[in-house]
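# Structural overview
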Amino acid sequence: LGLPYAKSAMIGLAFTEQLDRILVVGVGAGNIPMFLRKYYSDAKIDMVDIDPQIIALAKQYFNFLEDDLLKAYVQDGRAFIENVQKPYDLIFLDAYTAAGIPKHLATKEFLRSLKKALKPSGVIIANMWSTPKVNPLYRSMLRTYQEVFQEVYPLRVPTAGNKIVIALPQLRGLPLNSITQRAQ
């Protein structure tokens, strides 16, 4: 994982008990799903991107490979999540454009759908721009997460304008030393 936000986002894995099913919304170069495939080789990983070109470029230039357990879908992330039949252990949101996070992926209704698509023991890891110039709605978006999820942890990404938001559907009250031990 070359980008600082991707490295920082992996702290969210310390909040998981088990990873059998993973969803990645926003393919980018495919680095995050390939990283997860490497370290969670038995997990079923679905990834979705609205732009078929992004998936094609990830395959052509960044060695992204689908297999029996790693599948890419061309679809709007919200529509995909609203139709999830079997919940996920982890949902990673990395869907943004030059104009920011699409508004329909930042509403309370979407976050409720996201929560329904997640197992009660699951984790949301969301990549968000937090600088006011790039994302003036960051604080509002964070408050919306806090209204929908029981526990929300915004983490600053060193040397970048991103924040990683970790959201849990149920209150767990994990002690910091427990999270630190799992992370290591």
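Here is a short report on the structure shown in this document.

The rules behind each value
- Residues numbered from 1 in each chain as written.
- Predicted model: local features only at pLDDT ≥ 70, side-chain atom pairs only at ≥ 80, totals over all residues.
- Heavy atoms only, no water.
- Helix = DSSP H or I, 4+ residues; strand = E, 2+ residues; numbered from the N terminus.
- Buried < 20%, exposed > 50% of the residue type's maximum accessible area, 1.4 Å probe, protein only.
- Contact = heavy atoms within 4.5 Å.
- Phe/Tyr/Trp six-rings, centres within 6.5 Å; stacked < 30°, edge-to-face > 60°.
- Lys NZ or Arg CZ within 6 Å of the ring centre and 35° of its normal.
- Arc of directions from axis to C-beta.
- Pairing = 2+ DSSP bridges.
- Patch = residues over 30% accessible without salt bridge, like charges linked within 9 Å, V, L, I, M, F, W, Y side chains within 5 Å.
- Areas by Shrake-Rupley, 256 points an atom, 1.4 Å probe, with all protein chains shown as cover.
- Salt bridge = Lys/Arg side-chain N within 4 Å of Asp/Glu carboxyl O.
- Polar contact = N/O pair within 3.5 Å; in protein donor to acceptor, adjacent residues only side chain to side chain.
- Axes fitted to C-alpha atoms, helices over the stretch in contact; angles between N-to-C directions.
- Parallel < 35°, antiparallel > 145°, perpendicular 65-115°, else oblique.
- Left-handed = near helix turned anticlockwise from the far one by under 90°.

## Points about the environment of Ala 58
In this structure, Ala 58 sits in helix α3 (residues 52–61). On the accessibility criterion, Ala 58 (0% relative accessible area) is buried. In sequence terms Ala 58 and Val 27 are 31 residues apart; their C-alpha atoms lie 7.8 Å from each other. Not counting chain neighbours up to four residues away, the residues in contact with Ala 58 comprise Val 27, Gly 28, Ala 29, Gly 30, Asn 63 and Phe 64.

## Regarding the packing of aromatic side chains
All told, the structure shown has 4 aromatic pairs when counted by the stated rule. Taken together, a centroid distance of 5.4 Å and an interplanar angle of 45 degrees make the contact between Tyr 73 and Phe 80 tilted. Note on Phe 80: relative accessible area 11%, which makes it buried. The ring of Tyr 88 carries the charged tip of Arg 21 above its face, separated from the ring centre by 4.2 Å.

## Focus on helix α2 (residues 31–39)
Buried residues of α2: Ile 32, Pro 33, Leu 36 and Arg 37, and no others. Down the axis of α2, the smallest arc covering the buried residues is 140 degrees, so these residues share one side. The elements touched by buried residues of α2 are α1 (4–9), β1 (21–25), β2 (44–49), β3 (70–74) and β4 (88–93).

## Notes on the pairing of strand β7 (residues 162–168)
Burial of β7 is extensive: 6 of the 7 residues sit out of reach of the surface. Here strand β6 (residues 151–156) runs beside β7; their pairing, made up of 6 bridges, is antiparallel. Across the sheet, residue Glu 151 finds its bridge partner in β7, namely Leu 168.

## Quick word on a nonpolar patch on the surface
Side chains of Leu 57, Tyr 61 and Phe 62 sit close together on the surface and give an oily, nonpolar patch of about 330 Å² of accessible area. Summarising the element assignment, Tyr 61 is placed in helix α3. With a relative accessible area of 55%, Tyr 61 lands in the exposed category.

## Let's talk about the side chain of Arg 78
For Arg 78, the position within the fold is in helix α4 (residues 77–82). On the basis of relative accessible area, Arg 78 is assigned to the buried category, the value being 17%. Side chain to side chain, Arg 78 and Glu 82 meet in a polar contact 2.9 Å long.

## Some details on the packing of helix α5 (residues 108–116) against helix α6 (residues 138–148)
Between α5 and α6, the least distance of the axes is 10 Å, while the angle of their chain directions is 45 degrees. The pairing of α5 with α6 is recorded here as oblique in orientation. Between α5 and α6 lies a crossing of right-handed hand. Residues Lys 108, Leu 111, Arg 112 and Lys 115 of α5 touch α6, and the partners they reach there are Thr 144, Tyr 145, Glu 147 and Val 148.

## Quick notes on α5
The complete set of buried residues in α5 reads Phe 110, Leu 111, Ser 113 and Leu 114. Considered in projection along α5, the buried side chains sweep an arc of 155 degrees and stay on one side of the axis.

## Section: the environment of Thr 144
Relative to the helices and strands, Thr 144 is located in helix α6. Expressed as a C-alpha distance, the spacing of Thr 144 and Ala 106, which sit 38 residues apart in the sequence, is 8.0 Å. Beyond its immediate chain neighbours, meaning those up to four positions away, Thr 144 contacts Ala 106, Thr 107, Lys 108 and Leu 111.

Nothing here speaks to function; it is all geometry.
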